[in-house]
Each structure stands twice: as structure tokens, then as C-alpha cells.
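Listed here are the chains, written in short residue letters.
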Amino acid sequence: MRVGIIGTGLIGASIGLGLRAADWQVRGWDIDPGAREEAQRRGAIEEIAPPDELAAGWSDVIVLAGPPDAIATMVAELDTHALVIDVSGVKRPIAAARRVLRYVGTHPMAGREVTGPAAATPHLFRGATWVVVPGDAAIGDVEVAEQIVETLGAKPLRMTAADHDVAVAAISHLPQLLASTLMNEAADRTDAMELVAGSFRDLTRVAASDPATWVELLDANRGPVLEVLEEFVDRLRSLADRIAAADHGAVQDELERARMQRRRLGPQTVAVRIALADEPGQLARVGHAFENAAVDVRDLQLRHAPHGGGGVLSVFVRAGDDDAMREALEAEGLLLAE
């Protein structure tokens, strides 16, 4: 099929790269000239084409991958007979604004803390859950949306717009606010940042995300976010009361329940840590190991030694790929930190 992508940032460009790898025809547009040119340079889109050209008959499917306000405007004003899908992190406001003839709302539960087409990868969605909101769409259009999801390596999950927005308020929007609050809390305490280790870094990773994007997203999902925040504050107050009362049993029960719930998730990624020596060629060896292991590296974190002398590089790979990664690193003579 022929797919037009409007919005060639991280998500839009990653969709383009994935579909082009599957031999789909992809054209695209972004209001930012630099973003659309970088997307074309990276191969995420074959040609740059303005929205009216994409809507006028070339596209079988149009993917809207901009911020929520821009997507809401486009689903209200776009004049097209193509199937329109969006990838916004909030669904009810988009569905309410929709005036296009054929529309299926979607939301990939994948991303990175960095933005822009330069950070795009065709593997971004592999193994991720991708919400599909059928609404009143024809079943054939829903199936086309799910075909796109599966082509990109993700798993479609049908939900209503309302259920989606409440769920992401708890598992996406609240964690963003918590990560940012934790970072600010630690930064305001003398010497606390000098003690930061892996668990704090993992917990606050998303605090590095673009704040402007999050302000718009939180505003668009204001009702569910406020509801979840109030419930979370109540939960924290209850836990504080139990700690103050030295109610060890109740505190342990709360921690144990959380531990069991976390185990149910299963490890999506596994960290392989490398002790880097302060000598030339260390990162070149790491790169060679990546090539030989041929596994999907999901994230990298480098913690420098406080006073020079190398550091620890954490490589996050899919669960099950960690043994191959360790073997490749050891074959390069690198010292594992675990």
C-alpha cells in the first residue's frame, strides 16, 4: 500500500523506516523543514509531499504523527478518502474532533526519551503493544490498521478511547510526572546527585523527555491524569501513615504486592554491564561486539568513573538476547561488570 506520513519525528520516521523495510511506498511531510529533510535522508520517506497531495488521492493510508493539537486539527479538516490513522498518546479528544470519512485511532506503546527523525529506528515497535481504537470504523479499516501494526512488529490490542486514556494516565503520564518530580527532589538535596546509581537512573529515564510535548499531552488528558494523581497521592499518604506508625506488617504487605505485580510483567529488557577501561579502542570493541551479536540493542547508559579512569556502560537488550551479548563482549576481551 501507499502510506503518507504527516509528522516525521521519532514515531513518524520510525513508522516510515519500518514500512519501507517491508517494501511499502511511503511519502511524508513535516511542518519543520529540517525534520522532513532528515527523514528523507534517513530513508524513512521516499519523497517529501505536502498534506494536500497526500490527501488528494496518492495515499491509501495517512498516518498522523504530530502532537495532539495538530492531529485534532487534521482529523477535523483533512479532505481525503484515504484511511486516516493517528498515533497520539491521547484518544478521546482526537475522536471527538474527527470529521474525516475513514478513521481509526491508534497508539503505539513504545518510544524513547529523545525525539526527532535522527533517533528513529525501524525496530522501535518490535514486540510492543499497539492500541487500536475501532470506534465506528468499518471492520476492513480496522484490519488495515492492525496490518500496519503487525508489519512494524507490534501486537495490536483493541480498546475504547475512554479505557485507553485512563490506562495511559496510570502507566505513562503518571510515571513521567513521577520521574520529573524525583529528579527535582534529588537535585534540591545537597550531594544527593553524587550518590545516584543504576536504579535511580532507570526510574527517572523519561525525565529527559521533551517537556513541551508532555505539557500538551497532559493537558489533552487532564481529567484522567488528575484522577490518577489524586489516587496516587492518597496511596502515598497511606504508606506514610503506616511508616509513621511503625506498622511493619502493612508496609511489607504493600511492598510484597508491588513485587509480585512487577514479576508478572516479566523482564522486557535485560542490562548487560561492561567495565570500560580508560584506554583507546574500548568503544570500538563494544561496537564490534554489537555487530557480531546481531541482537536488538534497546538502550545505552554510560556512567563515568567519578575521577576519570573509565566507567560502566550498560547495554539494554531484549530478554533472551543477553547471553549472546555477553558472549560477544567477552570474545572482544571486554570485562563484564556483573
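Here, every reference points to the structure presented above.
In this text the structure is predicted, and so the values were computed from the model without any measurement.

A. Representation of empty space enclosed by the protein in the model. A complete count under the given rule lists one cavity of 30 Å³ or more for this structure. Looking at the largest cavity, its volume works out to about 60 Å³. Lining the largest cavity are Gly198, Arg201, Asp202, Arg273, Gln301, Arg303, Ser314 and Phe316. Ranked by residue count, the leading element in the lining of the largest cavity is helix H8 (residues 198–203), at three residues. Of the residues assigned to the lining of the largest cavity, the class counts are one nonpolar, three polar and four charged.

B. Just the layout of surface pockets, in detail. What the second largest pocket holds in volume is close to 210 Å³. In terms of lining, the second largest pocket is formed by Glu113, Met183, Met193, Val196, Phe200, Arg201, Thr204, Arg205, Ala208, Asp299, Leu300 and Gln301. Of all elements in the fold, only H8 and strand E10 (297–304) reach the threshold of two or more residues within the lining of the second largest pocket. Considering every element that reaches the lining of the second largest pocket, the biggest residue donor is E10, with three residues.

C. Quick peek at helix H1 (residues 10–21). Between its first and last C-alpha atoms H1 spans 16 Å; for twelve residues at 1.5 Å apiece the expected length is 16 Å, and the two agree. The buried fraction of H1 is high, at ten of twelve residues. Looking one or two residues beyond H1, the residue adopting positive phi is aspartate 23, at roughly 70°.

D. Molecular detail of the pattern of salt bridges. The full count for this structure, using the stated rule, is 17 salt bridges. In this structure, the salt-bridge partner of arginine 27 is glutamate 53, at a minimum N-O distance of 3.2 Å. On the criterion of sequence distance, the pair formed by arginine 27 in strand E2 (residues 25–29) and glutamate 53 in helix H3 (residues 51–58) is long-range, its members being 26 residues apart. What makes arginine 27 buried here is its relative accessible area of 16%. Where aspartate 322 meets arginine 326, a salt bridge forms, and the shortest distance between an N and an O atom there is 2.9 Å. You can see aspartate 322 and its partner arginine 326 sitting in helix H13 (residues 322–331), four residues apart, about one turn around the helix. One exposure class covers both aspartate 322 and arginine 326, and it is buried. The structure contains a network of salt bridges with shared partners spanning Arg27, Glu47 and Glu53.

E. A look at the packing of aromatic side chains. A full pass over the atoms with the stated rule returns one aromatic pair. When the centroid spacing of 4.9 Å and the interplanar angle of 50° are considered together, the rings of phenylalanine 125 and tryptophan 130 count as tilted. Taken as a pair, phenylalanine 125 and tryptophan 130 share a single burial class, namely buried. The residue whose ring lies beneath arginine 36 is tryptophan 29, and the NZ or CZ to ring-centre distance is 4.0 Å.

About the thresholds
Residues numbered from 1 in each chain as written. Predicted model: local features only at pLDDT ≥ 70, side-chain atom pairs only at ≥ 80, totals over all residues. Heavy atoms only, no water. 1 Å grid on protein atoms, 1.4 Å probe; cavity = no way out; pocket = protein on both sides within 12 Å on 5 of 7 lines; lining within 4 Å. Points joined across faces, edges and corners; volume = space filled by probe spheres on them. Helix = DSSP H or I, 4+ residues; strand = E, 2+ residues; numbered from the N terminus. Nonpolar A, V, L, I, M, F, W, Y, C, P; charged D, E, K, R; others polar. Expected span 1.5 Å × (residues − 1). Buried < 20%, exposed > 50% of the residue type's maximum accessible area, 1.4 Å probe, protein only. Salt bridge = Lys/Arg side-chain N within 4 Å of Asp/Glu carboxyl O. Phe/Tyr/Trp six-rings, centres within 6.5 Å; stacked < 30°, edge-to-face > 60°. Lys NZ or Arg CZ within 6 Å of the ring centre and 35° of its normal.

Purely geometric stuff here, so don't read any function into it on its own.
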